[in-house]
Amino acid sequence: MSVIVIGDRQVGKTNMVVALAEGTDNLVIREPDPQSIIMKKYNVDTGDIAGTFKTQQETLSISVNLSTGWREFQTNWIDTPGEAWSNPNWRQNNPAQWQDIKNSVRDSKAVFLLMPPSRNMINPDQLDGGLGNELDKQPTSLQWQNQLGEKLSFLRKNAPNVQHILISIHKADLFCNITQKERKWRYNPLQNFRWVDYNEHIQQAHFKIGEKIIRQHNRQAFVTPRFFITSTKSPVLLELPWIYLGAYLAND
Amino acid sequence: MIKSPKQQKGSEIRMIGPRGSGKTTYLATLAYCPKGLREKYPGLKFTPYSEDAEKLVRLAGDLLKNGAKLAGTYLDKANLTEQIQKLPYYDFQLTIPKTAYGPSLNLELSARDFPGEFFEKIAHPSPPAGIELWFDDLFSVTGWMVMMTDWQPGRDQQQYYPAFKKLCEEITNAQEIQPALKNLKIAVVMAKCERGELWTGRKDPDLDLFQVRLPKTYNYLTDKFGPKRLQFFACSSFGVLGDSRWSFDPRPNRYTPDDGSLHEYNAFLRNGDQWYPYGLIPPLYWLATGKRIEE
């Protein structure tokens with residue numbers, strides 16, 4: 001059962017799996033050893049998370065805390081190079097790799113699309129030295145819309161049988177009050193967590209600029225995306241898409 | 001002295017119907033036996049006998065009750081032979097309490113839930129290679145539950161009627177070799193009847209639902225099969241928010257987001273604490289015993 005993570009360069013795909021490896025209240029990566037995941041992803045010279053330059057696959061055993069108890073499932077996690085998504089020249093120059101990625105998307109059970117916040121979403125007061133001068137590198141609203149539209153169009157064409165599409169705007173700490181979000185949406189397996197309510201809230205609060213594109217996609221596709229916001233600074237928000245997915249994969 | 005339920009020997013059932021018709025949701029809801037269902041049938045109990053049947057209980061608890069919907073199963077057209085071998089068997093016992101229609105009963109059932117695309121491909125002029133094994137499996141049992149919806153009225157002419165016509169031709173051919181098929185019973189179920197326009201017709205599904213909404217299919221089926229072999233039912237896995245005289249609320253217990261998606265395929269349980277499924281037991285009861293009970 002494969003989960004493929006897609007998204008442009010430097011959106012934080014690898015960063016996310018490293019954060020998950022550190023464990024959250026309701027999700028634990030059992031195998032491989034989480035420390036080995038963390039060490040493998042670090043660039044020893046710079047101390048930063050290393051970029052992904054080619055597709056990497058890893059079989060993960062994950063325990064997730066669901067309403068019916070802790071469940072374990074295995075998944076083949078496929079992390080794709082950001083260049084493949086953000087740079088058309090890369091696709092032309094690496095046709096075999098691009099075809100492999102397309103095949104992996106086609107064969108995966110779930111696709112997790114990570115989006116950056118658009119420039120307009122970001123609250124300058126929350127930059128706190130985070131993005132700093134990098135703000136201009138974030139997409140404009142129009143560019144963001146185009147990115148979303150292209151990815152959804154790609155999925156309709158190349159993954160007609162995928163069962164789950166999750167779309168998350170990453171780096172949520174830059175565009176919303178994550179403490180407030182955590183208070184409202186902290187997952188508790190002992191209480192019903194209404195995924196449909198969370199999805200609707202996130203879609204209306206943070207995906208408004210993509211509304212037309214999303215509606216257009218939903219009219220054509222059998223599988224409609226589920227929306228999230230994530231941040232490596234918030235295990236509460238970070239674990240949500242993986243608990244959601246875990247509820248399916250653990251019961252498959 | 002309380003009598004033990006009568007044991008009803010095992011029945012194998014195949015559930016077919018187009019994508020999004022609610023086959024797996026039906027099974028998961030039955031397996032979970034929400035409080036609303038147990039209020040209607042005090043003493044109702046679902047006992048899983050297979051690992052897949054146990055999973056049904058968890059699917060309802062982890063997903064349906066938490067406002068998520070079940071993922072559909074795709075027909076793996078490149079690997080149909082392998083897929084039919086791996087398709088789950090939901091083996092379970094359903095303990096049905098004494099009703100006005102009969103004594104308490106332990107129904108032993110084994111169900112397989114076919115991907116919706118199979119039904120959609122039945123009448124296709126060029127079916128995918130390997131599909132014949134699926135028909136072999138379908139004809140190896142004597143109980144079918146066909147779940148349909150009427151969300152898109154064009155389906156009566158374009159999908160349901162041609163599919164049933166093809167199935168009838170195949171039944172006629174197969175009966176020559178497998179005389180047991182003469183005992184085949186087909187429960188045709190109008191699913192998702194919690195919608196307002198269907199809810200009022202649920203008590204008489206033949207005339208108020210099928211004849212009105214799917215007339216071509218209805219007329220064909222009633223012409224081909226007598227009531228001993230085919231019966232019509234209505235069901236709703238989600239039900240309405242309150243359907244007893246003490247808590248009457250006819251609003252569907254269903255939430256459909258306004259996001260451009262087709263409501264037929266994108267509906268969620270609105271309130272897990274007011275979960276009163278309707279009509280789940282009668283079709284199974286009839287398939288297993290030949291007797292009809294009403295809710």
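Refer to the structure above for everything that follows.
Given the structure is predicted, the values throughout are model-derived calculations rather than measurements.

Chemist: Hey, could you run me through the interface of chain B and chain A in this one?
Modeler: When the parts of a complex come together, some accessible area is lost, and that lost area is often taken as the interface size. Each partner contributes residues to the interface: chain B has 31 residues there, and chain A has 29 residues. Summing both sides of the interface, chain B and chain A together bury roughly 2600 Å²; the carbon and sulfur share of this comes to 47%. When the buried area of chain B at its contact with chain A is split by residue, Asp62, Asn66 and Tyr74 of chain B rank highest and sum to 26% of it. Applying the counting criterion to the chain B and chain A interface returns 1 salt bridge. Taking the shortest distance from any N to any O, the salt bridge between Asp258 of chain B and Arg215 of chain A comes out at 2.8 Å. Our count for the contact surface shared by chain B and chain A stands at 17 residue pairs in polar contact (both at pLDDT 80 or more). Secondary-structure elements contributing two or more residues to the side of chain B that touches chain A are α3 (51–62) and β11 (268–269) of chain B.

Chemist: Got a minute to help me understand the sheet that holds strand β7 (residues 226–229) of chain A in this structure?
Modeler: Think of a sheet as strands paired side by side through backbone hydrogen bonds, with each pair either parallel or antiparallel. Residue and element names in this part refer to chain A. On the basis of which strands lie adjacent, the open sheet formed by 7 strands has the order β2-β3-β4-β1-β5-β6-β7 and mixed pairing. Either end of the sheet is taken by a strand with one partner, and the two such strands are β2 (27–31) and β7. Taken pair by pair, the neighbouring strands of this sheet meet at an average axis angle of 30°, ignoring direction. Sheet topology note: the strand β1 (residues 2–6)/strand β5 (residues 110–115) ladder contains 4 bridges and is parallel. Bridge pairing links Ile6 to Leu113 in β5. Running at roughly 170° to β5, helix α6 (residues 141–158) makes contact with β1, β5 and β6 (164–169) of the sheet.

Chemist: Please clarify how the nonpolar core should be interpreted in this entry.
Modeler: For soluble globular proteins, the rule of thumb is that nonpolar side chains tend to be buried together. If you look at the biggest cluster of nonpolar residues, it comprises 121 residues, and the most contacted ones within it are Trp242 of chain A together with Leu94 and Met145 of chain B. Looking at this core element by element, the count peaks at 10 residues for helix α10 (residues 235–249) of chain A. If we ignore the near neighbours within four places in the chain, the residues touching Trp242 of chain A are Val3, Val5, Met16, Leu20, Leu27, Val64, Trp77 and Phe112 of chain A. Core analysis: the next-biggest nonpolar cluster, separate from the first, contains 46 residues, Phe114, Trp199, Tyr218 and Ala234 of chain B among them.

Chemist: Got a minute to help me understand the pairing of strand β6 (residues 185–190) of chain B in this structure?
Modeler: As a general feature of sheets, a regular strand has side chains that alternate between the two faces. All names here are of chain B. The element β6 is extensively covered by neighbouring structure, given that 6 of its 6 residues are classed as buried. Side-chain alternation along β6 places Lys185, Ala187 and Val189 on one buried face and Ile186, Val188 and Met190 on a second face that is also buried. Summarising the sheet, strand β5 (residues 143–148) and β6 pair through 6 bridges and their orientation is parallel. Paired with Trp144 across the bridge in β6 is Ile186. In this fold, β5 hands off to helix α7 (residues 155–177), which returns the chain to β6; that crossover is right-handed. Bridge analysis of β6 against strand β7 (residues 230–234) gives 5 bridges, and the strand direction is parallel. Paired with Ile186 across the bridge in β7 is Leu230.

Rules behind the numbers
Residues numbered from 1 in each chain as written. Chains lettered and ligands numbered in written order. Predicted model: local features only at pLDDT ≥ 70, side-chain atom pairs only at ≥ 80, totals over all residues. Heavy atoms only, no water. Contact = heavy atoms within 4.5 Å. Buried area = accessible area lost by both parts, 1.4 Å probe. Salt bridge = Lys/Arg side-chain N within 4 Å of Asp/Glu carboxyl O. Polar contact = N/O pair within 3.5 Å; in protein donor to acceptor, adjacent residues only side chain to side chain. Helix = DSSP H or I, 4+ residues; strand = E, 2+ residues; numbered from the N terminus. Pairing = 2+ DSSP bridges. Axes fitted to C-alpha atoms, helices over the stretch in contact; angles between N-to-C directions. Core = buried A, V, L, I, M, F, W, Y, C linked by side-chain atoms within 4.5 Å. Buried < 20%, exposed > 50% of the residue type's maximum accessible area, 1.4 Å probe, protein only. Right-handed = clockwise from strand over helix to strand, strands pointing away.

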